[in-house]
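# Fold and contact review
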Amino acid sequence: MGFRPTALRLANELKIKGEIKNSGGNVEIIAQAENKALVEFSRRLVGIFKIENYTEKNLENYGRKFDDFKIIHSTNDGSMPFITPDLATCEDCERELKDENNRRYAHPFISCINCGARYTIINSLPYDRENITMSCFELCNECKKEYTKSDNIRCHAQTIACNKCGPKTSIPIEEAIDLLKNGEILAIKDIGGYHLSCKCEKEIAYRLREIKGRETKPFAIMFKSVDEIKQYCEVSEKEQELLCSTARPIVLLKKKKEMPEGICDDSDYIGAFLPCNPIQILILEKISPLIMTSANISGEPIIIDDEKIKKFPVKILSHDREILTPLDDSVVRINAGRVQFIRRARGYVPLAINVSIKAKKDILALGGDLKSSFAIMHNEYIYPSQYFGDLEDEEYFEAYKDNIDRFCKLHSFTPEIIVSDKHPLYHSTKVRKANKKYQHHLAHAYSVIAEHGLKGDVLSFVFDGTGYGDDGAVWGGEVFLNKKRVEHLEYTKMLGSDEISKNADLCLACYEKSNKLINKAIESNINTVESSSMGRLFDAICSLLDIKHYNTYEGECAIALERCASRADKAYYIEPSLSPCEIIGAIRKANAPKEELALGFHYMLAELILSIAEKYKVEQITLSGGCFNNEILSRKAIAILNKKKYKVYTNNIVPCSDQGICVGQAYLQALEQNKE
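Description of the structure in this document. (Residues numbered from 1 in each chain as written. Predicted model: local features only at pLDDT ≥ 70, side-chain atom pairs only at ≥ 80, totals over all residues. Heavy atoms only, no water.)

### Considerations on the packing of aromatic side chains
Under the defined criterion, the tally for this structure stands at 16 aromatic pairs. Ring centres of Y387 and Y396 lie 6.4 Å apart, and the angle between their planes is 80°; on these two criteria the pair is classed as edge-to-face. No difference in accessibility class separates Y387 from Y396, as the two residues are buried. Here the aromatic residues Y119, F374, F388, Y400 and F407 are joined through ring pairs into a cluster of three or more. Cation over ring: R343 sits above Y387, and NZ or CZ is 5.6 Å from the ring centre. Across from the ring centre of Y119, 4.8 Å away, lies the NZ or CZ of R406, which sits over that ring. (Phe/Tyr/Trp six-rings, centres within 6.5 Å; stacked < 30°, edge-to-face > 60°. Buried < 20%, exposed > 50% of the residue type's maximum accessible area, 1.4 Å probe, protein only. Lys NZ or Arg CZ within 6 Å of the ring centre and 35° of its normal.)

Given below as structure tokens:
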């Protein structure tokens, strides 16, 4: 971020002559001066920036003298670049945005070398004005002067613009604010797509739910400041750091004040976030808080197209800067004291993850179908893509395919090996022919191992809803010792329809064999599967305790069960078991409040993890899979394992859900390459 302008300023200060340019994924500098100045130049550049690696070469016989130090036009050497994600408006720009005496006062696209759109507006590398969607906006004379002045924060800032020469909004910001104040729902074009926004009021919230086809899933809320967030939520120091980071993610925070009905009723948390761009800052300054949710029909991608947004019966605040890729808001939380991604997208993608081994051949990992994401791996870096949702949806599938091509092109990347999930019907496996397929839950396990660079024996617990097993069964409650599956939740024969993942009562009936029609289907093997799914067990317990009986969105019953457990003063003891029938039987026989039984179920799973760890006596333990989004389970399991001196690792850079399996797939392939 601003490397070349910073180098230019340092060179002028140290009286160094020469030139600097972007060259594909690298920066190349030629510098002439006394040796002492050159050493200081290198030292200070390395001190200011996080530089992965650099080389110095003595050009004593270079044969050219420089009169000054210049930033020259970029070239592309085809090397693997590190592309900057989209960055929230910095403090300097926000100060200018609000300064009536500044020429960029209220400029909806203010940015500098340290902030603004990046990944979503890049057509190709090198990252120069002509290669981004700002190229169609010709700079005015004042912006041209700032662009070349080494002491200006917009020196060689490729997104530089002002009210005279920059993009324009379709309606004035003041009009948009008035529409919101008057109770309208407004579609706002932001960095990664359109948001639907409105006041936090009951009637408007229900109208928005009807428009989106969103039944009960909580809405994210945007606040103008951390102080305002603290009126509604508990905010720890770590959570405040996340809220104020350059990524500006949605942070799940413990609720201390209720929002109006229809916004986040069935949740103990508020998904809170701060404005990340000038348009949002200008609006929230005048009306806050606001519901701010992706503009889409639930289950479809966020809309980036200016024509598609018109299908919604809402007012529109658009602009004429093109968005090249859909990018949802990232969602994070602090779980058991650790950063945990629920969704990794804006602000983090396409940042690379440095892992402990090098891939000998370039790898494309296709991930899975639910919460889909792909990744590329070059040398010791894995580059995960953004979240794409369920590939069953045609629009998500098209976005997923298009972005594989875009991602590879931007990174000058041609895959030599392609890897995928083992599921024979996954849409992701149809995009490119895979050289190798890895079991779903093994990839979950190795996503944690990759993140932390673990060596030696690792015992991995992977609890989630569903994944295709090596034996054709539906897995989801798995334990691996390195790559070998050593334990699992006992199989239960269940209905094989999609309804089983939604209807908690059906799950319970399959476990208890309490429905004659279902029993007949199971006995006759009519569309049935063997299942070790932990996610389905959560659903069944939720139904058994009469808490919730149907998932209108993924994980709703599990979240409701956790919420019920959080209200208990104590946990009812349940004997740890890998048998769903034993667990359900013990709960059904118990004479205790549902809250204590719900908490007892969570604690039982944590004790089960400990008992299996004690059996195998492996020091390194990993926890992955969507069930570990559950704070009670994660906190209890980590606490009792740590007490016994186990080293516990979780996903902290990619989600523990299916979005993270592409990282595990890539890492598994790299391990194989290093054995050859």
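### Concerning the packing of helix 12 (residues 504–512) against helix 14 (residues 534–544)
For any two helices packed against each other, one specifies the inter-axial angle together with the distance between the axes. Packing of helix 12 against helix 14 leaves a shortest axis separation of 8 Å and a crossing angle of 100°. One element, helix 12, and the other, helix 14, form an angle in the roughly perpendicular class. Contact with helix 12, carried on its side by A504, D505, C507, L508 and Y511, involves R536, L537, D539, A540, S543 and L544 of helix 14 and no other residues of that element. Here the contact of helix 12 with helix 14 is built from residues that sort into 7 nonpolar, 1 polar and 3 charged. (Axes fitted to C-alpha atoms, helices over the stretch in contact; angles between N-to-C directions. Helix = DSSP H or I, 4+ residues; strand = E, 2+ residues; numbered from the N terminus. Parallel < 35°, antiparallel > 145°, perpendicular 65-115°, else oblique. Contact = heavy atoms within 4.5 Å. Nonpolar A, V, L, I, M, F, W, Y, C, P; charged D, E, K, R; others polar.)

### Quick word on unusual backbone geometry
Put simply, L125 and P126 share a cis peptide bond, and its omega is 5°. Along the chain, P126 turns up in the loop between helix 3 (91–97) and helix 4 (141–148). In the segment running from V349 into P350, the intervening peptide bond is cis, with an omega of 15°. With respect to the element layout, P350 can be found in the loop between strand 12 (338–343) and strand 13 (353–365). Phi angles above zero are rare outside glycine, and N482 is one such case at about 55°. Residue placement: N482 occurs in the loop between strand 18 (474–481) and strand 19 (484–488). Positive phi is not limited to glycine here, since K645 has a value of about 75°. Structurally, the position occupied by K645 is in the loop between helix 18 (631–643) and strand 23 (647–650). Relative accessible area serves as the criterion here: at 67%, K645 is assigned to the exposed category.

### Observations regarding the nonpolar core
Counting 63 residues, the largest nonpolar core has F461, L537, I541, I587, F601 and L623 as the members making the most contacts within it. The contact partners of F461, leaving out residues within four places of it in the chain, are E478, V479, I609, I612, A613, I621, T622, L623, S624 and F628. Counting 38 residues, the second largest nonpolar core, distinct from the first, contains I185, F223, C233 and V251. (Core = buried A, V, L, I, M, F, W, Y, C linked by side-chain atoms within 4.5 Å.)

### Comments concerning the environment of D658
By the element assignment, D658 lies in the loop between strand 23 and helix 19 (661–675). Here D658 falls in the buried class, since its relative accessible area comes to 10%. Along the primary structure D658 and H440 are separated by 218 residues, whereas in three dimensions their C-alpha atoms are 8.6 Å apart. Apart from residues no more than four positions distant in its own chain, D658 is found in contact with L370, K371, H440, H444 and D464.

### Describing the sheet that holds strand 5 (residues 194–199)
Hydrogen bonds between backbone atoms are what pair the strands of a sheet, whose relative direction is either parallel or antiparallel. Strand order across the open sheet formed by 9 strands is 10-4-5-9-6-8-7-11-12, with mixed pairing between neighbours. The open sheet terminates on both sides in strands that have one partner only, identified here as strand 10 (315–317) and strand 12. The sheet shows a mean angle of 35° between the axes of neighbouring strands, direction not considered. Relative to strand 9 (residues 290–294), strand 5 runs antiparallel, the two being bridged by 5 bridges. The residue of strand 9 that forms the bridge with S197 is M292. Helix-sheet contacts for helix 8 (residues 237–244) involve strand 7 (250–254), strand 8 (269–273), strand 11 (331–335) and strand 12, and the interaxial angle to strand 7 is about 155°. (Pairing = 2+ DSSP bridges.)

### A few points about the sheet that holds strand 2 (residues 26–32)
Strand order in this open sheet of 3 strands is 2-1-3, and the pairing throughout is mixed. The sheet terminates laterally at strand 2 and strand 3 (69–71), the two strands that pair on one side only. Strand-to-strand twist of the sheet, defined as the mean angle between neighbouring strand axes without regard to direction, takes the value 10°. In the sheet, strand 1 (residues 17–23) pairs with strand 3 via 3 bridges, with the strands oriented parallel. Within the sheet, the bridge partner assigned to G18 lies in strand 3 and is F69. Across the sheet, helix 1 (residues 3–13) lies against strand 1, strand 2 and strand 3, angled at about 170° from strand 3, the strand it touches most. Along the sheet face, helix 2 (residues 35–48) touches strand 2 and strand 3 and points at about 155° away from the line of strand 2.

### With respect to a nonpolar patch on the surface
Side chains of V46, I51 and Y54 sit close together on the surface and give an oily, nonpolar patch of about 240 Å² of accessible area. Within the element layout of this structure, V46 appears in helix 2. (Patch = residues over 30% accessible without salt bridge, like charges linked within 9 Å, V, L, I, M, F, W, Y side chains within 5 Å. Areas by Shrake-Rupley, 256 points an atom, 1.4 Å probe, with all protein chains shown as cover. Salt bridge = Lys/Arg side-chain N within 4 Å of Asp/Glu carboxyl O.)

### Quick look at helix 10 (residues 394–410)
In this model, helix 10 (17 residues) spans 24 Å end to end at C-alpha, consistent with the 24 Å of a helix rising 1.5 Å per residue. Those residues of helix 10 lying buried are Y396, F397, A399, Y400, N403, I404, R406, F407, C408 and L410. At the C-terminal side of helix 10, S412 shows a positive phi close to 50°. (Expected span 1.5 Å × (residues − 1).)

### Looking at empty space enclosed by the protein
This model, assessed by the stated rule, comprises 4 cavities of 30 Å³ or more. The space that makes up the largest cavity amounts to roughly 150 Å³. What lines the largest cavity is a set of 20 residues, among which P108, I191, N277, P278 and R321 lie closest to the centre. Here the lining of the largest cavity is built from residues that sort into 11 nonpolar, 6 polar and 3 charged. In this structure, the second largest cavity occupies an estimated 100 Å³ of space. In terms of lining residues, the second largest cavity is bounded by 13 residues, among which N335, Q340, F628, S634 and T650 are the most central. Of all the secondary-structure elements, those providing two or more residues to the lining of the second largest cavity are strand 12 and helix 18. Ranked by the residues each element gives to the lining of the second largest cavity, the list is headed by strand 12, at 3 residues. (1 Å grid on protein atoms, 1.4 Å probe; cavity = no way out; pocket = protein on both sides within 12 Å on 5 of 7 lines; lining within 4 Å. Points joined across faces, edges and corners; volume = space filled by probe spheres on them.)

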